[in-house]
Amino acid sequence: MSTPQSSDMRPTPDPAEDNAFFPSPYSLSQFTAPVSDLSGADYPRPYSGGRWKILVICADERYLRMENGTMFSTGNHPVETLLPLYHLDKAGFGFDFATISGYPAKFELWAMPRQDPEVMGLFAKYAEALKAPMKLRDVVAEVLEGGSDYIGVFIPGGHGALIGLPESAEVKTLLEWVAAEDKFLISLCHGPAAFLAVGKDSTIYKGRKIVAFPDAMDAQTPEIGYMPGHLTWKFGEELQAIGFEILNEGISGQVHKDGKILTGDSPLAGNGLGKLAATELLAEVHKK
């Protein structure tokens, strides 16, 4: 089932902010759906140890300024957040949610698959935690004290990941900890923009391979009103500059595993990345 077709390519004004816009009706009809693919979320031996959980770093900013001065009303993409979490939840893992500010996680609710009872049920299950996340600075302090119960870090997609996360000193510290402690790093679509927090002089990602949303496609989406203008920078180019090799040129639902770095190319990869992450994390805990 798909969103009803529309020919209107004009970005929809967001009445909550001056000169801000949601995606056009046409682009929503092309890139969102009221239900999701949740196939394969069957884990006969879920984790039951109770200790290991995933730190989910969410975007807490909504408005992304475009090159033409308009604002894109964004946040965390629901499918790119909830589908991976759905699999990890089914696999028995717990979550801690954190934002830079400690303020609520923001969501692109215009992309929410509202006719999907499984996804909406999961959203309801964690709604309070998403509205009252941990402050990232406090998470860093806890992690650096040692004995962390995090088996990995998940950074959801959505253009909200371009706001604040790539410059965050706390994200930098956590990414360095993930690399040093051989933890899992899971992300998709625009989420890998947060990897830039390690800084231009870092070599921890040199030669690593990922998939992510292509810069070339970001440049095309204003033509159909998905964004009200062009981005002011290209996160894929920046990722390549710190050593990443981006494997995809388009989007197909591709996922990729490079050691413990697990990535997906777009919302189409939400289910596949969830399966990959759940399978890899279960293999890790069952060998401990």
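This one's a predicted model, so the numbers in the text were calculated from it and none came from an experiment.

## What to know about the overall build of the protein chain
Secondary structure summary: the protein chain contains 9 helices and 13 strands in total. At 18 Å, the protein chain has a C-alpha radius of gyration in line with the 19 Å of a compact globule built from 288 residues. Each principal axis of the C-alpha distribution contributes one length, and for the protein chain these read about 55 × 45 × 35 Å. Out of the 288 residues belonging to the protein chain, those deemed buried represent 55%. Nonlocal contacts in the protein chain, meaning residues at least 24 apart in sequence, comprise 78% of its contacts between residues at least 6 apart. On the protein chain, roughly 12400 Å² of surface is accessible, and the fraction owed to carbon and sulfur atoms is 50%. Once the 25 positive and 37 negative side-chain charges of the protein chain are each reduced to a mean point, those two points are 5 Å apart.

## So, the pairing of strand 8 (residues 150-155)
The buried fraction of strand 8 amounts to 6 of the 6 residues, a majority that puts the element mostly inside the structure. Alignment of strand 3 (residues 53-57) against strand 8, held across 4 bridges, turns out to be parallel. Looking at the pairing, K53 lines up with Y150 of strand 8. Here strand 8 pairs with strand 9 (residues 184-188) via 4 bridges, running parallel. Looking at the pairing, F154 lines up with I186 of strand 9. Running through helix 6 (residues 169-180), the crossover from strand 8 to the neighbouring parallel element strand 9 is right-handed.

## Some points on the nonpolar core
Core analysis: the largest hydrophobic core is formed by 87 residues, its most contacted members being I54, F93, L185 and Y205. Ranked by residue count, the leading element in this core is helix 9 (residues 270-287), at 7 residues. Ignoring any residue separated from it by four or fewer positions in sequence, one finds L185 in contact with V153, I155, L175, V178, F195, Y205, K260, I261 and L262.

## Quick word on helix 5 (residues 136-144)
Of all the positions in helix 5, only L136, V139, V140 and V143 are classed as buried. Taken around the axis of helix 5, the buried residues stretch over an arc of 100 degrees, which confines them to a single face. At its buried positions, helix 5 is contacted by strand 3, strand 6 (94-99), strand 7 (134-135), strand 8 and helix 6. Once helix 5 ends, the next one or two residues include G146, with phi positive near 95 degrees.

## Structural notes on the environment of V143
Tracing the backbone shows V143 in helix 5. In this structure, the C-alpha to C-alpha distance between V143 and T173, residues 30 residues apart in sequence, is 9.6 Å. Other than its neighbours up to four places away in sequence, V143 contacts S148, Y150, L174 and W177.

## What about the pattern of salt bridges?
A full pass over the atoms with the stated rule returns 12 salt bridges. Across the salt bridge formed by R51 and D149, the nearest N and O atoms sit 2.8 Å from each other. Here the residue R51 occupies a position in the loop between helix 1 (25-31) and strand 3, and D149 occupies one in the loop between helix 5 and strand 8, the gap between them amounting to 98 residues. The salt bridge involving K287 is made with E284; its shortest N-O contact spans 3.3 Å. Of this pair, K287 and E284 are both found in helix 9, 3 residues apart, which corresponds to roughly one turn of the helix. Judged by relative accessible area, E284 falls into the buried class, the value being 12%. A network of salt bridges, in which partner residues are shared, links D182, K260, E284 and K287.

## Description of the packing of aromatic side chains
The geometry of an aromatic ring pair comes down to the distance between the two centres and the angle between the two planes. Evaluated as defined, the whole model comprises 12 aromatic pairs. Between F95 and F97, the ring centres sit 6.1 Å apart and the planes meet at 50 degrees, which makes this aromatic pair tilted. With respect to class, F95 is no different from F97; both count as buried. With centroids separated by 5.3 Å and ring planes inclined at 75 degrees, the aromatic side chains of F107 and F123 adopt a geometry described as edge-to-face. Here F107 is found in the loop between strand 6 and helix 3 (117-125), whereas its partner F123 is found in helix 3, with 16 residues between them in sequence. By way of ring pairs, the aromatic residues F31, F72, W110 and Y226 are connected into one cluster. Above the plane of the ring of W52 lies R51, whose end atom (NZ or CZ) is 4.0 Å from the centre. Geometry around F184 places K260 over its ring, the cationic atom sitting 5.0 Å from the centre.

## Some points on unusual backbone geometry
Even without a glycine there, the phi angle at N19 is positive, about 60 degrees. With respect to the secondary-structure elements, N19 resides in the loop between strand 1 (12-13) and strand 2 (20-22). In this structure, C189 is a non-glycine residue whose phi angle is positive, near 60 degrees. Mapped onto the secondary structure, C189 falls in the loop between strand 9 and strand 10 (209-210).

## A few points about the packing of helix 2 (residues 78-90) against helix 9
It is at 7 Å that the axes of helix 2 and helix 9 come closest, and there the two elements cross at 30 degrees. In terms of axis orientation, helix 2 runs roughly parallel to helix 9. Where helix 2 crosses over helix 9, the two elements pack in a sense that is right-handed. Residues L83, P84, H87 and L88 of helix 2 pack against G270, N271, L273, G274, K275, A277, A278 and L281 of helix 9. Class assignment of the residues belonging to the contact of helix 2 with helix 9 gives a composition of 7 nonpolar, 4 polar and 1 charged.

Rules and cut-offs
- Residues numbered from 1 in each chain as written.
- Predicted model: local features only at pLDDT ≥ 70, side-chain atom pairs only at ≥ 80, totals over all residues.
- Heavy atoms only, no water.
- Helix = DSSP H or I, 4+ residues; strand = E, 2+ residues; numbered from the N terminus.
- Rg over C-alpha atoms; globule rule 2.2 N^0.38 Å.
- Buried < 20%, exposed > 50% of the residue type's maximum accessible area, 1.4 Å probe, protein only.
- Contact = heavy atoms within 4.5 Å.
- Areas by Shrake-Rupley, 256 points an atom, 1.4 Å probe, with all protein chains shown as cover.
- Lys, Arg positive; Asp, Glu negative; His and termini not counted.
- Charge placed at Lys NZ, Arg CZ, Asp CG, Glu CD.
- Pairing = 2+ DSSP bridges.
- Right-handed = clockwise from strand over helix to strand, strands pointing away.
- Core = buried A, V, L, I, M, F, W, Y, C linked by side-chain atoms within 4.5 Å.
- Arc of directions from axis to C-beta.
- Salt bridge = Lys/Arg side-chain N within 4 Å of Asp/Glu carboxyl O.
- Phe/Tyr/Trp six-rings, centres within 6.5 Å; stacked < 30°, edge-to-face > 60°.
- Lys NZ or Arg CZ within 6 Å of the ring centre and 35° of its normal.
- Axes fitted to C-alpha atoms, helices over the stretch in contact; angles between N-to-C directions.
- Parallel < 35°, antiparallel > 145°, perpendicular 65-115°, else oblique.
- Left-handed = near helix turned anticlockwise from the far one by under 90°.
- Nonpolar A, V, L, I, M, F, W, Y, C, P; charged D, E, K, R; others polar.

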